[in-house]
Amino acid sequence: MTGPRGLDLDRLRTHLGSGELTATMFAGGRSNLTYAVTDGTDRWVLRRPPLGHVLPTAHDMVREHRVLHALSAAGFPAPRPVLLCTDLDVIGAPFYLMEHVDGAIYRDVAALEAMGPEAMRTLVLALVDTLADLHALEPAAIGLADFGRPEGFNARQVRRWRKQLDASRSREVPGIEELHARLAAEIPEGAGAVVHGDYRLDNVLIGPRLEINAVLDWEMSTLGDPLSDVALMLVYAGRPLLSSHGEPRSSISVPGHPSLSEMAGHYAKRSGRDVSDLHWYVGFAAFKLAVILEGVHYRYVQGQTVGEGFDTVGALVAPLVAQGHESLDGTLGDN
């Protein structure tokens, strides 16, 4: 029985005690590897860490499994986990299985444009609402009281992502050291909530009525400052997406997409949180995303990536560094 790279189907079948399995890798992932697995009757999704270079504390399957269990049990749209395996003898890495959730993932600007302006607006506001609903959950009430330390979260994040950058260096990145220094000079204390850590349009499954069926990719979730999620969502809205027609463009360029200010205002209304000054948060979100993509670029140049599209990731880092500086200078980058 053969399977996609990184997944030994024979060993997995033995571990599950199932019949013959087939699996395909989901496209679009740049970090943890995700596969659709079926025995012909049941369907699951399997998550495992990437091959090769893995940064400390990243790609933790136990944490992902735990947060999915807590959130799905609380009624939040997250896939329900069904199995956790930390035995490296099974597929060579820790992994978990979760339920398969139907829905569409929008990674192509042309597909977003085909929806029409009204649907585009509805979709983005649903994305914002779902994030506000996540931040409204009380961690202790859903079994996540010790899932992280909200106190000092932003300061630890600034230190952590500097360490991640240092662990992923394969080239010089102009301006990134200066951006880190500016962020470290004045760090807001912030509030505490369950945060996703990588919240964006192409990390959710969309249903036929433009509802959010499931939020995916919880590897960076913890207890922290909810405004960090808001800022990262805004930064992602301005990042290039694939396009089957022409050059990659951002989702915010699609007709009907709310402006960044409107997205922030809608979140404030839904959540009751103050979002009047997001400049530091957007600056840090740009830095964090730059470091994430630099890590992906590192794995690419080391020959440790699986799939296509990694050759262009390195070029996305410099614009993010520039955006981080611009935000700290007082420009939010609205459309």
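Residues numbered from 1 in each chain as written. Predicted model: local features only at pLDDT ≥ 70, side-chain atom pairs only at ≥ 80, totals over all residues. Heavy atoms only, no water.

Helices and strands together make up the secondary structure of the protein, namely 11 helices and 11 strands. In terms of C-alpha radius of gyration, the protein reaches 19 Å, essentially the compact-globule figure of 20 Å for 335 residues. Counting every position in the protein, which comprises 335 residues, the buried fraction comes to 52%. By sequence separation, contacts in the protein at least 24 residues apart represent 71% of the contacts at least 6 residues apart. Per element, the accessible surface of the protein, about 14,600 Å² overall, is 51% carbon and sulfur. (Helix = DSSP H or I, 4+ residues; strand = E, 2+ residues; numbered from the N terminus. Rg over C-alpha atoms; globule rule 2.2 N^0.38 Å. Buried < 20%, exposed > 50% of the residue type's maximum accessible area, 1.4 Å probe, protein only. Contact = heavy atoms within 4.5 Å. Areas by Shrake-Rupley, 256 points an atom, 1.4 Å probe, with all protein chains shown as cover.)

Before going further, it helps to examine the packing of aromatic side chains. Tallied over the full model, the rule gives four aromatic pairs. Taking 5.4 Å as the distance between ring centres and 90° as the angle between the ring planes, the aromatic pair formed by Trp280 and Tyr281 counts as edge-to-face. For Trp280, a relative accessible area of 11% gives the class buried. Judged by relative accessible area, which is 7%, Tyr281 ranks as buried. One residue, Arg63, lies across the ring of Phe147, its end atom 3.9 Å from the ring centre. Just above the ring of Tyr236 sits the side chain of Arg200; from NZ or CZ to the centre is 4.9 Å. (Phe/Tyr/Trp six-rings, centres within 6.5 Å; stacked < 30°, edge-to-face > 60°. Lys NZ or Arg CZ within 6 Å of the ring centre and 35° of its normal.)

Before going further, it helps to spend a moment on the confidence of the model for the protein. Keep in mind that low pLDDT regions are not for reading the predicted coordinates in detail. A residue-level look at the protein finds 93% of positions with pLDDT of 70 or above and a mean pLDDT of 91. This stretch, residues 53–58, has a pLDDT under 50; its non-local contacts, to residues over four places away or in other chains, come to 12 contacts. (pLDDT = per-residue confidence, 0-100.)

Direction vectors running N to C along helix H6 (residues 153–166) and helix H10 (residues 279–301) enclose 25°, while the axes themselves pass 9 Å from each other. Between H6 and H10, the angle is such that the two are roughly parallel. Every pair of crossing elements has a handedness; the one defined by H6 and H10 is left-handed. Counting all contacts with H6, which are made through Asn154, Gln157, Val158, Trp161, Arg162, Gln164 and Leu165, the residues of H10 involved are Trp280, Tyr281, Phe284, Phe287, Lys288, Val291, Ile292 and Glu294. (Axes fitted to C-alpha atoms, helices over the stretch in contact; angles between N-to-C directions. Parallel < 35°, antiparallel > 145°, perpendicular 65-115°, else oblique. Left-handed = near helix turned anticlockwise from the far one by under 90°.)

The next thing to look at is the sheet that holds strand S1 (residues 22–25). The five strands are arranged S1-S2-S3-S5-S4 in an open sheet whose pairing can be described as antiparallel. The open sheet has two edge strands with one neighbour each: S1 and strand S4 (81–85). If you compare each strand with its neighbour and ignore which way they point, the axes differ by 25° on average. Alignment of strand S3 (residues 43–48) against strand S5 (residues 95–99), held across four bridges, turns out to be antiparallel. When the sheet's bridge partners are listed, Leu46 is paired in S5 with Leu97. Across the face of the sheet, helix H2 (residues 61–73) comes into contact with S3, S4 and S5 while running at roughly 160° to S4. (Pairing = 2+ DSSP bridges.)

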